[in-house]
Amino acid sequence: MKLVKYWGVVLALIVSAGAWALQGGTIRGTVYVAGNEPLPEAQVVLVGTDRVATTNAEGQFEFLDVPPARYELKFSFPGYRDSTRSVDVPEGRMYSLEVDLELDEQFGEEIIVSGSRFGEKRLESPVAVETVGAKTIQQVGGVSFLTALSAMKGVDYTDNGINEKRISTRGFNNQFSSRMLSLVDGRLAQMPINGLPLGGQLPTPSLDVKSVEVVVGPASALYGANAHTGVIHVLTKSPWDESGVSAVVRGGTQQLLDGSLRVAGTVNKNFGYKFNGELFRGMDFTPDRNQRLHYFGPPATAIFEADMMGEYDTRTAKAEGYLYYRAGDWNFKGGYGFSSHDGILTTNGGRLHMRGWQVHTQTVSASHPNWFAHVSRIATDGGRSYQLERLAGVLQANGVSPSGDPAALEGFKEQIKLIDHSELIDSELQYQNTFGGVKLVTGVQLRQHNPSTAGTAVSDGDGTRVRVTELGGYVQADKSLLRDRLRLVAAARLDGHSNYSPQFSPKATVVYSLTRSQHLRLGYNRAFKSPSLVENFLLINNTLVGNRTGFLIRDAAGNLLSEIRPLVPEQVDAVELGYKATFFNKLLVDVVGYHSWYRNFISALTAQANPAQGTFAFYPDGRPVAEGTPVQGGLLTFSNFGRSRVAGLDVGAEYQPTPHLLLNGGVSVMRLLSFHNTDPTQKALLLNVPELKLKASITLQDLVVKNSFVRLFGRYQSAHAFSAGRWDSALFFQDGKVPARFVADLGLGYTFNSGVTVSANVFNLLDDKGVEVLGAAPTRRSGFIQLGYNYQGLNF
């Protein structure tokens, strides 16, 4: 027996020595695109093992201590065709190789980052994401890049003025909607005071926009509060995406004159810089004097908006600069942006005349194949802006005519100007990696809202300090099975708020690939909307009051009529069924059906008490609202009310029968299935958007003349009821609805070999005299001619 044990030990030693003698080899290589351009962040899989590598900034990868044998390496990167190479790993030696990935130009293969917070093909995304690129943005024209989003299916686009465009999704729009989150390169891009997307006030000009992605539907599991109905994500061009000098000058109707400049370059492949600027001026559209819509004050003495404003001048100045640095796999970026704006902003309470309204942005970020971190700041300065409805009240109270002494009128404007020195601090740390075939993304976000209005907009007067802090963490796991035919995605997020209890947002999606080009998905999302600063702390004219404390509504005898409870976060649970497919590399079909359940719905600004009608508002401690003023007891505020169910269907298609012709169309239908009202002071809930939207475009590229394009686009929306604060379609239209509208736009252009581009655009070609949302002035036919130049270079 001892002999057997002895020889067993000897045999074990021999085997161990043999295994030790077989030294592992090394696989080292470089991944390229276009033959000589290194591809960073490509994935390299050692098939048959759990080993995965990611290429660095120079496209290089390495596997160490690989047991000698024959292996297969699989190379992949979103937007490029997968490639497989066989390698024989020698004992104790190195195997070197170079791989060139080819661009996959099939329909639906656009690379998006907003759906899962990492690069993936749009066709395979587990959520509904619409996207437009720089080429389409330039063809569509428009003062703002948001104009290009008007063609997206499932998106409600509203034209509020020459430089004021807005979008929303999944219904319940209003003039101060904060249900969509707005981002630029992963950081917040929203007004600190009201949560509105920066839009036309964004310091980035359209010339620097690489693409815009819109997540359509709830997205709080990855983005947190107020990604309630979706996310707008603007992605800009880095110096490595596009270096050189680009310039655009345009002029046209409405006294429009606009010029943009972008300068970007690189030095020694590791340093980069980018500078953008834009100057814009124009004359905004004027309301119709024959309609009651834009008269302010009691009917007998109402004042027309234009009589108080004079000219509708719109002016914008933008400038921003960024520096970049690459250190191995790390990329660092820092910059500053500025914009100044004069023009009209429509709000739920009326209209705001912005005069010298400024936005300042600062940001620093660091990114790595596995890490992303940033800290950014947005600060605003209200300049000499004022509210038109408030000015009308002051003029009427003082018996002053707007056509009187201009100096006196300006004095009243200064007296009621909106002070805004608010700021928003946004920060995030994110980590992503692959473990055992599971793609993991996790992160933490901290946001700090610091309003400062000296009591002119929120209740921060007399030294009162208002601060709101949001802290959230999230994690997402993504796993592919059945040879990548089945994809399982699950995510969860927990958000804390300084004023509310924590909110939990789960997400789960199953994607099944019927074929390489056909994908079916079923998903569930929960999202929430925290009451905004305005909804919590609004204080204007003593009677427009945010609902942080709740209110009691009584009659003249003191009897309690109703109780309005303090606001709590709004929640939506949604189930989606989607199908995306391409056929013959010519036709793309995208269908999304959804069913949403809303709870604790937050109303628009609504009149709750009117002393003239015998109702009076009180705070819970018994103090009357607007105590000691002529409007004591009056109240317009926000409240949670009701539960509702909404269902909808979005169908889109793109067809390219030849390289010179592209047809695009979309149909969106939405219905409010049920509504249970828990607040007797609130009217029935309205969708506040058209139930039917039709969109179609035809684009001719290089058809007759090389380097030319012609694009014709049309959109239709059905008549719909709308109510938000002052703007109530039941008061202004005989049938109680904003009329249906059809708008057609035309664009054409030609690019010379020298890099000069000439183009022309006409908007509202048929001169429809309607509006897309109540409160905006009718946007009549307009157009401009544009001259552009692009020089590629500045790489040193």
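Keep in mind it's a predicted model, so treat the numbers as computed, not measured.

About the cut-offs
Residues numbered from 1 in each chain as written. Predicted model: local features only at pLDDT ≥ 70, side-chain atom pairs only at ≥ 80, totals over all residues. Heavy atoms only, no water. 1 Å grid on protein atoms, 1.4 Å probe; cavity = no way out; pocket = protein on both sides within 12 Å on 5 of 7 lines; lining within 4 Å. Points joined across faces, edges and corners; volume = space filled by probe spheres on them. Helix = DSSP H or I, 4+ residues; strand = E, 2+ residues; numbered from the N terminus. Nonpolar A, V, L, I, M, F, W, Y, C, P; charged D, E, K, R; others polar. Pairing = 2+ DSSP bridges. Axes fitted to C-alpha atoms, helices over the stretch in contact; angles between N-to-C directions. Buried < 20%, exposed > 50% of the residue type's maximum accessible area, 1.4 Å probe, protein only. pLDDT = per-residue confidence, 0-100. Contact = heavy atoms within 4.5 Å. Polar contact = N/O pair within 3.5 Å; in protein donor to acceptor, adjacent residues only side chain to side chain. Patch = residues over 30% accessible without salt bridge, like charges linked within 9 Å, V, L, I, M, F, W, Y side chains within 5 Å. Areas by Shrake-Rupley, 256 points an atom, 1.4 Å probe, with all protein chains shown as cover. Salt bridge = Lys/Arg side-chain N within 4 Å of Asp/Glu carboxyl O. Arc of directions from axis to C-beta. Parallel < 35°, antiparallel > 145°, perpendicular 65-115°, else oblique. Left-handed = near helix turned anticlockwise from the far one by under 90°. Core = buried A, V, L, I, M, F, W, Y, C linked by side-chain atoms within 4.5 Å.

Draft legend 1. Empty space enclosed by the protein, seen in detail. Tallying each qualifying case throughout the model produces 18 cavities of 30 Å³ or more. By volume, the largest cavity amounts to about 340 Å³. Arg 166, Ile 167, Ser 177, Leu 196 and Pro 197 are the residues nearest the centre of the largest cavity, which is lined by 31 residues in total. A per-element tally of the lining of the largest cavity places strand β13 (residues 164-169) first, with six residues. In terms of residue class, the lining of the largest cavity is built from twelve nonpolar, 15 polar and four charged.

Draft legend 2. Main features of the sheet that holds strand β37 (residues 560-564). Spatial strand order, β37-β36-β41: three strands in an open sheet with antiparallel pairing. Unpaired on one side and paired on the other, β37 and β41 (615-618) mark the two borders of the sheet. On average, each strand axis in the sheet is tilted by 20° relative to the strand beside it, whichever way the strands run. As judged from the four bridges shared by strand β36 (residues 551-555) and β37, these two strands associate in the antiparallel manner. Its bridge partner lying in β37, Phe 551 is registered against Ile 564.

Draft legend 3. Quick peek at the sheet that holds strand β14 (residues 180-184). Taken in spatial order, the five strands of this open sheet run β11-β16-β17-β14-β15, and their pairing is mixed. Two strands in the sheet have a free side with no partner beyond their single neighbour: β11 (129-133) and β15 (187-188). Pairing between β14 and β15: two bridges, direction antiparallel. Each bridged residue has a counterpart across the sheet, and for Val 184 the counterpart in β15 is Arg 187.

Draft legend 4. Seen up close, unusual backbone geometry. You will see that Phe 172, though not glycine, has its phi angle at about 60°, which is positive. The residue Phe 172 is located in the loop between β13 and β14 in this model. In this structure, Leu 482 is a non-glycine residue whose phi angle is positive, near 50°. By the secondary structure assignment, Leu 482 is in the loop between β30 (468-481) and β31 (486-497). The class for Leu 482 is exposed, based on a relative accessible area of 55%.

Draft legend 5. Structural context of the confidence of the model for the protein. Mean pLDDT for the protein: 89, with 96% of residues reaching 70 or above. Per-residue pLDDT stays below 50 along residues 1-21; that stretch engages in one contact with residues further than four places along the chain or on separate chains.

Draft legend 6. How the structure looks around the environment of Tyr 716. Note on placement: Tyr 716 falls in strand β46 (residues 708-717). Along the sequence, Tyr 716 and Phe 742 sit 26 residues apart, while their C-alpha atoms lie 4.4 Å from each other. Excluding its chain neighbours within four sequence positions, the residues that come into contact with Tyr 716 are Leu 692, Lys 693, Leu 694, Ala 740, Arg 741 and Phe 742.

Draft legend 7. Local environment of the side chain of Gln 786. As for its position among the elements, Gln 786 is in strand β51 (residues 782-792). At 3.4 Å, the side chain of Gln 786 forms a polar contact with the side chain of Arg 250. Ignoring any residue separated from it by four or fewer positions in sequence, one finds Gln 786 in contact with Gln 138, Val 248, Val 249, Arg 250, Thr 757, Val 758 and Ser 759.

Draft legend 8. Fine view of the pairing of strand β50 (residues 756-763). Where strand β49 (residues 741-751) lies against β50, six bridges are found, and the strand directions are antiparallel. The residue of β50 that forms the bridge with Leu 748 is Ala 760. In textbook terms, the turn of a hairpin is the stretch between consecutive antiparallel strands, and for β49 and β50 this stretch comprises four residues, one of which, Gly 755, has a positive phi near 95°.

Draft legend 9. Molecular detail of a nonpolar patch on the surface. Taken together, the side chains of Val 267, Phe 271, Tyr 325, Trp 330, Phe 332, Trp 371, Leu 429, Val 444, Leu 446, Leu 471 and Phe 796 define a hydrophobic patch exposed on the protein surface, amounting to about 990 Å² of accessible area. Broken down by secondary-structure element, the contributors of at least two residues to the nonpolar patch are β24 (330-347) and β29 (438-450).

Draft legend 10. Representation of the pattern of salt bridges. If you walk through the whole model with that rule in mind, you get 44 salt bridges. Between Arg 166 and Glu 164 there is a salt bridge, with the nearest N and O atoms lying 2.9 Å from each other. Among the salt bridges present, the one from Arg 599 reaches Asp 573, with a minimum N-O distance of 3.9 Å. One end of the pair, Arg 599, is in strand β39 (residues 587-599); the other, Asp 573, is in strand β38 (residues 570-583), and 26 residues separate them in sequence. For Arg 599, a relative accessible area of 39% corresponds to the partly exposed category.

Draft legend 11. Geometry of helix α6 (residues 406-415). Within α6, burial applies to Leu 409, Phe 412 and Lys 413. Looking straight down α6, one finds that the buried residues subtend no more than 100° of arc, so they occupy a single side. α6 presents Ala 407 and Gln 415 as exposed residues on the side facing more than 90 degrees away from its buried surface. Lining the buried residues of α6 we find α4 (305-309), β25 (350-367), β27 (386-387) and α5 (388-397). Two or three places before Ala 407, at the opening of α6, Asp 405 has a side-chain oxygen 3.1 Å from that residue's backbone nitrogen.

Draft legend 12. Structural context of the packing of α5 against α6. Relative to each other, α5 and α6 sit at 125°, their axes nearing to 10 Å. With respect to their mutual orientation, α5 and α6 come out oblique. Two packed elements cross with a definite hand, and for α5 against α6 that hand is right-handed. Taken together, the residues of α6 that come into contact with α5 (itself represented by Leu 391, Val 394 and Leu 395) are Leu 409, Phe 412 and Lys 413. In terms of residue class, the contact of α5 with α6 is built from five nonpolar, no polar and one charged.

Draft legend 13. Looking closely at the nonpolar core. Core analysis: the largest hydrophobic core is formed by 53 residues, its most contacted members being Phe 145, Leu 149, Ile 167, Val 212, Val 214, Tyr 223 and Val 231. Sorting the residues of this core by element identifies β11, α2 (134-140), β12 (155-161), β14, β16 (209-216), α3 (220-223), β17 (230-236) and β25 as the ones contributing at least two each. Considering every element that reaches this core, the biggest residue donor is β16, with five residues. Those residues in contact with Val 214 that sit more than four places away from it in its chain are Ala 128, Val 129, Glu 130, Leu 149, Met 152, Val 155, Ile 167, Met 180 and Val 231. Residues Ala 42, Leu 73, Phe 75 and Leu 101 belong to the second largest nonpolar core, which totals 20 residues.

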